[in-house]
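# Fold and contact review
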Amino acid sequence: GQNIDQPTEMTATEGAIVQINCTYQTSGFNGLFWYQQHAGEAPTFLSYNVLDGLEEKGRFSSFLSRSKGYSYLLLKELQMKDSASYLCAVRAWSGGSYIPTFGRGTSLIVHP
Amino acid sequence: KAGVTQTPRYLIKTRGQQVTLSCSPISGHRSVSWYQQTPGQGLQFLFEYFSETQRNKGNFPGRFSGRQFSNSRSEMNVSTLELGDSALYLCASSPGLAGGKNIQYFGAGTRLSVL
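Now for a look at the structure at hand. Since this is a predicted model, take the numbers as computed values, not measurements.

Moving on, we come to the layout of surface pockets. What the largest pocket holds in volume is close to 640 Å³. Only β1 (3-5), β9 (84-94) and β10 (97-102) of chain A together with β5 (42-50) and β6 (53-57) of chain B provide two or more residues apiece to the lining of the largest pocket. Of all the elements, β10 of chain A adds the most residues to the lining of the largest pocket, at 4 residues. Partitioned by chemical class, the residues of the lining of the largest pocket number 10 nonpolar, 13 polar and 2 charged. In this model, the second largest pocket occupies a volume close to 500 Å³.

This is how it looks when you write it as structure tokens:
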């Protein structure tokens with residue numbers, strides 16, 4: 001099976017930078033995803049990493065180290081609307097196809 | 001391009017009843033996956049359908065079943081409902097290709113309450 005760990009909750013100040021970590025243990029790794037989910041809404045895709053390194057997309061960046069089983073999502077210039085749950089998902093081969101397994105999510109609270 | 005559409009958005013059922021949820025994927029997407037989301041367990045994989053065939057299945061009892069039609073629309077059925085089935089049921093569609101990002105896009109979900 002797979003084991004994905006991420007902090008349950010984080011708080012940060014508007015305008016600051018926050019890093020949300022995700023560690024995982026898996027075999028047959030085929031990519032790591034980050035999703036954002038606002039309360040009562042669908043998860044929305046933020047980023048995808050399959051090779052080691054940093055992927056930057058506007059205020060959001062995601063980093064992957066496959067050898068360490070580690071990823072982080074970096075959010076810069078935080079805004080109030082960034083208050084949401086951030087889900088880390090690891091895709092791996094399982095029972096006939098590649099399936100993402102999700103962590104339990106990190107609830108980010110941004111305060112003024 | 002229209003997103004993933006799930007109906008209904010809310011459902012209230014009683015124990016022992018059955019329920020059918022519907023999902024229309026993004027046009028051109030052939031893979032539809034279903035997830036159960038609860039506060040305690042997070043997002044848990046139920047099953048994946050690709051080209052009308054169940055391609056993968058999670059660790060849920062046989063009361064949970066699904067199917068996919070030739071137009072890629074999918075339905076999920078839960079029989080003999082239990083209180084613990086109360087959850088948000090999310091559908092996600094993707095191209096379903098073996099290579100590439102194959103990003104999953106989620107619908108808004110169906111919130112099921114079992115009384």
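Right, let's talk about the sheet that holds strand β7 (residues 64-68) of chain B for a bit. Sheet strands pair by backbone hydrogen bonding; their relative direction is either parallel or antiparallel. All names here are of chain B. Read across the sheet, 4 strands follow the order β1-β3-β8-β7 without closing on themselves; strand pairing throughout is antiparallel. The open sheet is flanked by β1 (5-7) and β7, the only strands paired with a single partner. The average undirected angle you get between the axes of adjacent strands in this sheet is 20°.

With that out of the way, let us pick up the side chain of S62 of chain A. Residue and element names in this part refer to chain A. Inspection of the secondary structure assignment puts S62 in strand β7 (residues 60-65). Only 3.2 Å separates the side chain of S62 from the side chain of S47, close enough to count as a polar contact. In this structure the side chain of S62 is engaged in a polar contact, spanning 2.6 Å, whose partner is the side chain of N49. Residue contacts for S62: discarding those within four places in its chain leaves W34, S47, N49, G53, L54, E55, Y72 and L73.

Okay, the state of the cysteines next. In this structure the tally under the stated criterion is 2 disulfides over all chains. One disulfide bridge connects C22 of chain A with C88 of chain A, the sulfur atoms lying 2.0 Å from each other. Around the S-S axis, the bridge from C22 of chain A to C88 of chain A shows a dihedral of about -65° and counts as left-handed. Of this pair, C22 of chain A sits in strand β3 (residues 18-25) while C88 of chain A sits in strand β9; the two residues are 66 residues apart in sequence, bridging distant segments of the chain. The burial state of C22 of chain A is the same as that of C88 of chain A; both residues are buried. One disulfide bridge connects C23 of chain B with C91 of chain B, the sulfur atoms lying 1.7 Å from each other. Its S-S torsion of approximately -50° makes the covalent link between C23 of chain B and C91 of chain B left-handed. With a gap of 68 residues between them, C23 of chain B in strand β3 (residues 19-24) and C91 of chain B in strand β9 (residues 87-94) connect regions that are remote in the sequence. We note that C23 of chain B, like C91 of chain B, is buried.

Parameters at a glance
Residues numbered from 1 in each chain as written. Chains lettered and ligands numbered in written order. Predicted model: local features only at pLDDT ≥ 70, side-chain atom pairs only at ≥ 80, totals over all residues. Heavy atoms only, no water. 1 Å grid on protein atoms, 1.4 Å probe; cavity = no way out; pocket = protein on both sides within 12 Å on 5 of 7 lines; lining within 4 Å. Points joined across faces, edges and corners; volume = space filled by probe spheres on them. Helix = DSSP H or I, 4+ residues; strand = E, 2+ residues; numbered from the N terminus. Nonpolar A, V, L, I, M, F, W, Y, C, P; charged D, E, K, R; others polar. Pairing = 2+ DSSP bridges. Axes fitted to C-alpha atoms, helices over the stretch in contact; angles between N-to-C directions. Polar contact = N/O pair within 3.5 Å; in protein donor to acceptor, adjacent residues only side chain to side chain. Contact = heavy atoms within 4.5 Å. Disulfide = S-S within 2.5 Å. Buried < 20%, exposed > 50% of the residue type's maximum accessible area, 1.4 Å probe, protein only.

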